[in-house]
Structure formats: C-alpha cells, structure tokens
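Understanding the architecture of this molecule
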Amino acid sequence: MGDLSDKEILALFEQGGNPNYAFNLLVRKYQEKLYWHIRRIVIDHDDANDVIQNTWIKVWQNIAGFRSDSKIYTWLYRIATNEAISLLNKKRTKFFVPLVNVERTLSETIKSDDYFSATDIQKKFQLALLKLPEKQRIVFNLKYFEGMQYDAMSEVLGTSVGALKASYHHAVKKIEKIMLLD
Amino acid sequence: MTEKEHTGKFWETHSNELKINPFQVPEGYFDSLPVLIADRVSTPDHRRGFIFMPRFYLPAFGFAILVIMVFLITNKKESIIEERVLNSDELASVIYDDPTLYDISEDLLIEIIGESAGDQTESEQEGAMEVTPAATQVTDENAIIDYLSESDIEELIYESY
C-alpha cells in the first residue's frame, strides 16, 4: 500500500472511484514527515497534533483543485508550513505576546516537554535554533534535518533559491556562534 | 586554528548527534492519526466552511444585536426631540442662557435704550394732547382716593415696580 507513487495516488483521486481510500494512502505516506516538520516549528506535541489535523483537512478540501504538474509533497509541505506559522501567529494575537516572548515560550516548552528527550548538546542546539528568526529557522530545518533541495524549498516557501541559500548560510553562522559562545 | 576551521570542526564533531530527533510522540500516535483524520474529514462540519462555524457566527450574531440596539436607541432619541414642545419657562431659560445675548455691545444697548426712551417721550406728549377720563382717574391721587371710598375699598394696596 505504501509503495504507490505520488502520481499513482493522484490518479486514484482523479478516477473518483474511492477518494477516501486514496486520501488514506496519502496520509499514511506523508503523515510522519509532515508531523516532524510541524513539530520542529511549533515545538509542543499538542500544538503539532492540532496543526497536522488541520493540514490534512485542508488537503482533503483542496485536493480536487490540485494541479498534477506540481509535486504533491511540496504542496503538502506548503500547507503544513502555513498552518504551523498561523498557529504561532494566533498565539501572538490571542495573548498579545510580542514575537520574542513566543520564542521564549517555545524554549520553556522544550525544557519542560514530556515528549522531548535530548542530551545537553542537543537541547542547547534546539534552544539555539529558537533564537533564529522564524523563517530562517524553517529554512534551516528543511535543509539540515530533511535534506530538502533548494528548488523544492523555493516552492514550499515561495522564496527565491538565492534568498534561501543566503538565509541558510546566516542561520548556520548564527548557530555556530551561539553554540561556541556558551 | 582559524575561526573557520574551528566552526567547521564543530559541525563535523557534532553532526551525528545534532541530527538525531530529540522530539517524541505518545506510543501508537502514528497508527491512530490516520483514523482520527479520516473521522474528521468525514464530519460534514469541515466541508461547510468557516463562516458556518459557531466560533464565527456567535460573535457575529452578538455584534448584529448590538448594532440593531444602537440603531433603535438612536432613532428613539431623535423622535423624542422632534415631538417635544418647550413650555414658556424652558423657553425663557433658553433665551436667558443664550450666550449670544452677551455679545451685544454696550454702545448698541445705549443706542437702543435711547431710542426707546425717545419713543416713549413722544407718545407721552401725544397722550397729553388727548385727555381721556381713564387717564384723569389714574393721574389724580385724590380722585383715586375718592374712587376707593365710593367703592368701599378700605385698604390701598400699593405696589411699586
């Protein structure tokens, strides 16, 4: 079941015989990758759980309008990224919390999260990541942890390849500085 | 060792450890997630759009009620103002309180008083030419006393203005 390619799954949608079955295949194929991508952005498991569910509901609502000339996995990542950013923005709006305080809250979550198990250097590394600007952090995550190519990343984030390379470079330098200073 | 070598060495040394995912999920989470998602997408609520969600229409309904109430209250006040008629006291107080009255200059007041005094003198002179029985009664104090005596009025009430 998991061996079907993206094109084959999309073909099942287009045939219209059993869209629920095709959707289930898509969820099972990408749920873990999307979850970890979201989790690295929102940090907290409960928030990531909300975001992943909302992401799949949006996918279900819009899959009929998806153009098969695009890659489905970049489309999925784009929806997931936007949903994760929306959640952080809602938190800022809801509690009138300035930007820096949300990042501080995420740092506190890392320190107290039951579903976070790390060595000292891993924890230090995650806290250093949270000191990056939001978009720079997402670029770093996609490149460093998921090994995504810049052109795919460009489709996900709607940013030029050149800007993404610069952003990743700045992120690496900042993290090095933080890790070596402390 | 240069700074570049130092930082490059940092990533080389820690790369394996840093790439390990320190985040965890509850046991069996990824087995139950597809079922949960399938359940949610099959619920009709998610196909209706956000405008029909309670979190949207309840505040919208409250806001609509507020707008209607403000509209009704405003209209009621206007209709009261239209129907109300001022009585003489209120009218007098309005005129008394009218700040524009204090804007009249002193010279203008003197001029108006002078004119009205002149008019009065002229009318007195004209009145003197035509002597009526009533005028005679009023001007002659003795005649008044006689009148009161004849009319059996014992007490003279004199009011000076």
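Just above sits the structure.
Cut-offs and rules
Residues numbered from 1 in each chain as written. Chains lettered and ligands numbered in written order. Predicted model: local features only at pLDDT ≥ 70, side-chain atom pairs only at ≥ 80, totals over all residues. Heavy atoms only, no water. Contact = heavy atoms within 4.5 Å. Buried area = accessible area lost by both parts, 1.4 Å probe. Salt bridge = Lys/Arg side-chain N within 4 Å of Asp/Glu carboxyl O. Polar contact = N/O pair within 3.5 Å; in protein donor to acceptor, adjacent residues only side chain to side chain. Helix = DSSP H or I, 4+ residues; strand = E, 2+ residues; numbered from the N terminus. Nonpolar A, V, L, I, M, F, W, Y, C, P; charged D, E, K, R; others polar. Patch = residues over 30% accessible without salt bridge, like charges linked within 9 Å, V, L, I, M, F, W, Y side chains within 5 Å. Areas by Shrake-Rupley, 256 points an atom, 1.4 Å probe, with all protein chains shown as cover. Lys, Arg positive; Asp, Glu negative; His and termini not counted. Charge placed at Lys NZ, Arg CZ, Asp CG, Glu CD. Buried < 20%, exposed > 50% of the residue type's maximum accessible area, 1.4 Å probe, protein only. Phe/Tyr/Trp six-rings, centres within 6.5 Å; stacked < 30°, edge-to-face > 60°. Lys NZ or Arg CZ within 6 Å of the ring centre and 35° of its normal.

On to the interface of chain A and chain B. In this assembly, 38 residues from chain A lie in contact with 26 residues from chain B. Both sides of the chain A and chain B interface together cover about 3400 Å² of buried area, and 66% of this is carbon and sulfur. On inspection of chain A and its partner chain B, the count reaches zero salt bridges. For the pair chain A and chain B, the interface holds six residue pairs in polar contact (both at pLDDT 80 or more). Listed by contribution, the elements that provide at least two residues to the side of chain A that touches chain B are helix 2 (19-42), helix 3 (45-62), helix 6 (120-129), helix 7 (134-145) and helix 9 (161-181) of chain A. Broken down by element, the residue count for the side of chain A that touches chain B peaks at ten residues, all from helix 2 of chain A. Of the residues contributing to the side of chain A that touches chain B, the split by class is 21 nonpolar, eleven polar and six charged.

Here the focus is a negative patch on the surface. A surface patch of like charges, here negative, comprises B:Glu106, B:Asp107, B:Glu111 and B:Glu115. Relative to the assigned elements, B:Asp107 resides in helix 5 (residues 106-129).

The subject of this paragraph is helix 8 (residues 150-157) of chain A. Residue and element names in this part refer to chain A. Burial analysis of helix 8 places six of its eight residues in the buried class, the great majority of the element. Buried within helix 8 we find Tyr150, Ala152, Met153, Ser154, Val156 and Leu157. Remark: glycine 158 follows helix 8 within two positions and exhibits a positive phi of approximately 65°.

Time to look at the packing of aromatic side chains. Scanning the model with the defined rule gives 16 aromatic pairs over all chains in all. Directly above the aromatic system of A:Tyr150 lies the positively charged group of A:Lys143, at a separation of 4.5 Å from the ring centroid. Lying over the aromatic face of A:Tyr144, B:Lys19 brings its terminal NZ or CZ to 4.7 Å of the ring centre.

Our focus in this paragraph is the pattern of salt bridges. Should their charged atoms come close, side chains of opposite charge can pair. All names here are of chain A. For the structure shown, the criterion picks out five salt bridges over all chains. Among the ionic pairs, lysine 29 bridges to aspartate 6, the shortest N-O distance being 2.8 Å. Taken together, the positions of lysine 29 in helix 2 and aspartate 6 in helix 1 (residues 6-15) put the pair 23 residues apart, joining distant regions of the chain. Lysine 29 sits in the partly exposed class, given a relative accessible area of 32%. In this structure aspartate 6 comes out as buried when scored by relative accessible area, which is 18%.

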